[in-house]
Amino acid sequence: MIPKTAHVLSVRRLTHLRSQAGVHFQLMVPKMNLAPGQFVALVGPSGCGKSTLLDILGLTLKPQEIESFSITDHTGPIDLTALGHAELAGVRSKHIGYVLQTGGLLPFLTVRQNIALPLRLNRQKDLGPVDVIAQTLGIKEQLDKLPSFLSGGQRQRVAIARALVHKPEIVLADEPTAAVDELTAREIRDQFKTLSKKLNTTTIMVTHDRSLIKGQVDRIFSFNIERKTRKLTLSTLQEVKTL
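These numbers come from a predicted model, not from an experiment.

Student: How would you sum up the overall build of the chain? Please name residues and give values.
Tutor: Counting its regular elements, the chain contains seven helices and ten strands. For the chain, the spread of C-alpha atoms along the three principal axes comes to 55 × 40 × 35 Å. When each of the 243 residues of the chain is scored for burial, the buried share is 49%. Partitioning the contacts of the chain with sequence separation of at least 6, the portion at a separation of at least 24 is 71%. With 32 positive and 21 negative side-chain charges, the chain shows a separation of 3 Å between the mean positions of the two kinds.

This is how it looks when you write it as structure tokens:
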């Protein structure tokens, strides 16, 4: 168990520049420290750098410059800046869960098999957590079905179950409620939040729906966007108190 006083995720002085047709966009993260079990919202307009930041936090994109970047588990901090591709893949498999906007389920696997993927990737033989988390999310009766036979809300619940089943330190959710109706979105948000707290998992949820997170999250991060020159836009992550 990670001490409540520890930072499960710590990022300091991150810079990433992307360029297209001579136009440059620079993402900057001065500091981002998150505690275990926090439910965090990441908001901002299209093109502000939300997806880029998620890719970096999900260890699928290497930032061009970073002073420090670590994930802490029960053994202590893991310095991610010192790891190679294979080692980062291992950290990603064990310590990070991911929920895509459309669920990202494998269509040829049953619900049970989709949820169990992280357990199998981490060579865990006990698949009992699949039934437990499916029961909690109200999808236990769907376990032997293929994703094509599920509703949009059910597919997102399966994706959430898959992201949380191996009890990762961090879950990254890229607009997980964008493809469902308002009532289902709020139900999914509440279930996601409850499970994250119960498992002491830190969740970072990207959303455009500010009403969905108002009064429901522990912390909110947004972006300060500045046009420095005609060809350079700077987007700086900042924590905000209210929306």
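Student: Lay out the layout of surface pockets with the relevant residues and their values.
Tutor: For the largest pocket, the calculated volume is near 430 Å³. If you go around the largest pocket, you meet 16 residues; those closest to its centre are Arg-92, Ile-96, Gly-97, Tyr-98 and Leu-121. The set of elements that each furnish at least two residues to the lining of the largest pocket consists of helix H2 (85-95), strand S6 (96-99), helix H3 (111-121) and helix H5 (152-164). Broken down by class, the residue content of the lining of the largest pocket amounts to eight nonpolar, six polar and two charged.

Student: Explain the pattern of salt bridges residue by residue, including any values.
Tutor: Counted according to the given criterion, the structure contains ten salt bridges. Put simply, Glu-67 and Arg-12 hold a salt bridge, and the shortest N to O gap is 3.0 Å. Here Glu-67 is found in strand S4 (residues 65-73), whereas its partner Arg-12 is found in strand S1 (residues 9-20), with 55 residues between them in sequence. Look at Glu-67 and you get partly exposed, because its relative accessible area is 44%.

Student: Tell me about the packing of H5 against helix H6 (residues 182-199), and name the residues and values.
Tutor: Two numbers describe a pair of packed helices, the interaxial angle and the distance between the axes. Contact pair H5 / H6: the axes reach a minimum separation of 11 Å and the direction vectors enclose 15°. With respect to H6, the axis of H5 lies roughly parallel. Between H5 and H6 the crossing geometry is right-handed. Residues Gly-153, Gln-156, Arg-157, Ile-160 and Leu-164 of H5 pack against Thr-184, Glu-187, Ile-188, Gln-191, Phe-192, Leu-195 and Leu-199 of H6. Along the lines of polarity and charge, the residues of the contact of H5 with H6 split into six nonpolar, four polar and two charged.

Student: Summarise the side chain of Thr-184; cite the residues concerned and give the values.
Tutor: Turning to its location among the elements, Thr-184 is positioned in helix H6. Leaving out residues up to four positions away in the same chain, Thr-184 has contacts with Gly-153 and Arg-157.

Student: Kindly report on H2, identifying the contributing residues and their values.
Tutor: Turning to H2, its buried residues are Leu-88, Val-91 and His-95. On an axial view of H2, the arc spanned by its buried residues comes to 60°, and they lie on one face. Those residues of H2 that are exposed and angled more than 90 degrees off the buried face are His-85 and Ala-86. Tucked into the core, H2 has its buried residues touching S4, strand S5 (76-79), S6 and strand S7 (170-174).

Student: Give a description of the packing of aromatic side chains that names residues and reports values.
Tutor: Any aromatic ring pair is given by two values, namely how distant the centres are and how the planes are angled relative to each other. All told, the structure shown has one aromatic pair when counted by the stated rule. Lying across the ring of Phe-25, Arg-18 places its NZ or CZ 4.2 Å from the centre.

Student: So what's going on with the pairing of S7? Which residues, and what values?
Tutor: Across the five residues of S7, five count as buried, placing the element largely inside the fold. Where burial is concerned, the two faces of S7 agree: the one with Ile-170, Leu-172 and Asp-174 and the one with Val-171 and Ala-173 are both buried. As judged from the five bridges shared by S7 and strand S8 (residues 202-206), these two strands associate in the parallel manner. Residue pairing across strands places Leu-172 opposite Ile-204, the latter belonging to S8. In this fold, S7 hands off to H6, which returns the chain to S8; that crossover is right-handed.

Student: Lay out the sheet that holds S7 with the relevant residues and their values.
Tutor: Read across the open sheet, the ten strands follow the order S5-S4-S1-S2-S10-S9-S3-S8-S7-S6; overall the sheet is mixed. Either end of the sheet is taken by a strand with one partner, and the two such strands are S5 and S6. This sheet shows a mean twist of 25° between the axes of neighbouring strands, independent of strand direction. Here S1 pairs with strand S2 (residues 23-34) via eleven bridges, running antiparallel. What sits directly across from Thr-15, in S2, is Met-28.

Student: Describe in detail H5, supporting the description with residues and values.
Tutor: The terminal C-alpha atoms of H5 lie 19 Å apart, and with 13 residues this matches the ideal 18 Å at 1.5 Å per residue to within 8%. Among the 13 residues in H5, ten count as buried, and that is most of the element. Among the structural elements, S6, H3, helix H4 (128-136), S7 and H6 are those in contact with the buried residues of H5.

Cut-off values and rules
Residues numbered from 1 in each chain as written. Predicted model: local features only at pLDDT ≥ 70, side-chain atom pairs only at ≥ 80, totals over all residues. Heavy atoms only, no water. Helix = DSSP H or I, 4+ residues; strand = E, 2+ residues; numbered from the N terminus. Buried < 20%, exposed > 50% of the residue type's maximum accessible area, 1.4 Å probe, protein only. Contact = heavy atoms within 4.5 Å. Lys, Arg positive; Asp, Glu negative; His and termini not counted. Charge placed at Lys NZ, Arg CZ, Asp CG, Glu CD. 1 Å grid on protein atoms, 1.4 Å probe; cavity = no way out; pocket = protein on both sides within 12 Å on 5 of 7 lines; lining within 4 Å. Points joined across faces, edges and corners; volume = space filled by probe spheres on them. Nonpolar A, V, L, I, M, F, W, Y, C, P; charged D, E, K, R; others polar. Salt bridge = Lys/Arg side-chain N within 4 Å of Asp/Glu carboxyl O. Axes fitted to C-alpha atoms, helices over the stretch in contact; angles between N-to-C directions. Parallel < 35°, antiparallel > 145°, perpendicular 65-115°, else oblique. Left-handed = near helix turned anticlockwise from the far one by under 90°. Arc of directions from axis to C-beta. Phe/Tyr/Trp six-rings, centres within 6.5 Å; stacked < 30°, edge-to-face > 60°. Lys NZ or Arg CZ within 6 Å of the ring centre and 35° of its normal. Pairing = 2+ DSSP bridges. Right-handed = clockwise from strand over helix to strand, strands pointing away. Expected span 1.5 Å × (residues − 1).

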